[in-house]
Each structure stands twice: as C-alpha cells, then as structure tokens.
Amino acid sequence: MLILLPPSEGKTPAVRGSAVDWPSLSFPQLNAYRAKVLDALGTVSAHEDALALLGVGASLKDDVERNTRLRAEPAAPAHRIYSGVLYDALGYQSLTQAQRRKADAFVLVVSALWGAIRLGDSVPAYRLSMGTSLPDVGRLAAFWKPQLTDALMGAVSGHLLVDCRSSTYAAAWAPPAGQTVTVNVFTEAGGVRKVVSHFAKHTRGELARHLLARRGKAPETPSDVLKAAREKWDAELAAGTARKPHALNIILPG
C-alpha cells in the first residue's frame, strides 16, 4: 500500500540546518525539473508583483521572499515542514517509531516544487501551489504530469494506492486506475449528502494515520481499504473502471 498526499499550503520553516541536499531526495531523476521550477519560482518571487503573480495575500510576503533564497534556506524532513489541517490529523510526531518507518516508506507527497517526495526527505519551507503558472515552466500540473508518470510508475507497480490528494494536486499525475482508491468526504443529515472541504482535509489525514497505525496487514485491495475505513467511519466503496479509480466515500454526521 502507498498513500498519496498533497503538501500543506502552510509550512513551518526550519530554524537551523543545512540546505537541501539534492542527491539525497527521493526520485533524484526529478532533480533537473525541480531545479527549473525552483529557479522560475525565485525569479517570480523577486518581482514587484510577486504576491499577485503567485496568487497570495500580503500576509504571506515573508513566505514569498523566502522563495528567492531556497537553495540556501535550512531544510528539514517534510513531515516537520508540512503543517496544517491534514498533517495535524496525520500526527506524524505522535506515531510510534515503527509507524513512522511505515509512514516514511508508504507515503508519497505530490508537490508543486519537488514533484514527488517522501516524508523523510529534507526540504526548505516554500510557497507555491500546483495551480500556479510560472514563466518558462507553465501550469505546474501540466509540467509535472509527464515527469511524474516516468518517475513514479516503477515505484507504484504492484501497490494499492490510497489517493488522499485534492483535485489541484491530483491533476499533476493520474496513477493506474485499477490499483487506486480516491477518498471523498461527505456530511449527511436528513438524507441529504454534501461535499465538505475543510473536514475533508482533516478526515483524509485521519485516514492516512489510521492506515499506518492500525494493527494487522496493510490493505491490499479496495475492499480492504473500505473494511479499514469502516473501523472508524460510515463508509462505502464505489467500484472503479479501467479508466476510473475506485472511490472510498466517507460519510460524516451532518
């Protein structure tokens, strides 16, 4: 089993430490593309209209300024850099050592800057969304799609994929449908079901934690994922097709 996560928009910068060690990153074949995105991001972030170009508000000015010096910024493991609702729910720091080893091995983060990394990879904090378009790079989801297809297909071969990404990050790479389970979260009250956003992030983080922390064998089939989810939630599974992934629907009380 592999779990696909998006990064968090908010990040906690490392206070001290060495800069990113490019050869040590997972999927080093992506490094040339990572460097291209990083350089384009640095150029845009130094522009007088950087906030508008990156689609962020004035409160993120310091984050955008940090983008101009990412090659020298202190790096830390991604599980410490990424913060926010999903990663709070994942709660990496409160996992046991054995569970952390599973998280390091089984979780892949699809990133606008790094393409794909693992939770143990050390990176600096940055500000960039997959929905952004950069000069000489273009729309990041379109830029990364062929690169991630080439880099990840071998890594995911033979694995069940539990896809907890948002639609913005899912656009950057479509894993093989037959071995993928996407995760949707709804609330239901009075027979009326509604899609949720904030609680979807939290619930996906909780699901990732549950799959890593629960006893027993890791899920190997979509039905196994449904069974695991039902240990905590009301859930159902919509069967996929040759082109459409299976969908785990988690239903929360309205």
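What you are looking at is a predicted structure, and each value in this text was computed from that prediction instead of being measured.

### Structural notes on the nonpolar core
Within the largest apolar cluster, 84 residues are counted, with the highest numbers of intra-cluster contacts made by Ile3, Leu5, Trp114, Leu128, Leu134 and Leu207. Sorting elements by how many residues they give to this core places helix 7 (residues 140-156) first, with eight residues. For Trp114, the contacting residues outside a window of four places in its chain are Val20, Trp22, Leu25, Leu30, Arg34, Leu38, Tyr82, Val123, Pro124, Tyr126 and Trp144.

### Remarks on the pairing of strand 9 (residues 180-189)
The two faces of the sheet receive side chains in turn, since in a regular strand these alternate between them. Sheet analysis places strand 8 (residues 161-163) next to strand 9, joined by three bridges and oriented parallel. Across the sheet, the residue bridging to Leu161 is Thr180, located in strand 9. With eight bridges connecting them, strand 9 and strand 12 (residues 246-253) associate as parallel partners. If you follow Thr187 over to strand 12, its bridge partner there is Leu252. Where strand 9 meets strand 10 (residues 192-195), four bridges bridge the pair, whose relative direction is antiparallel. Its bridge partner lying in strand 10, Thr187 is registered against Lys194. In sequence, strand 9 turns back onto strand 10 through a hairpin of two residues, with Gly190 there showing a positive phi of about 60°.

The rules we used
Residues numbered from 1 in each chain as written. Predicted model: local features only at pLDDT ≥ 70, side-chain atom pairs only at ≥ 80, totals over all residues. Heavy atoms only, no water. Core = buried A, V, L, I, M, F, W, Y, C linked by side-chain atoms within 4.5 Å. Buried < 20%, exposed > 50% of the residue type's maximum accessible area, 1.4 Å probe, protein only. Helix = DSSP H or I, 4+ residues; strand = E, 2+ residues; numbered from the N terminus. Contact = heavy atoms within 4.5 Å. Pairing = 2+ DSSP bridges.

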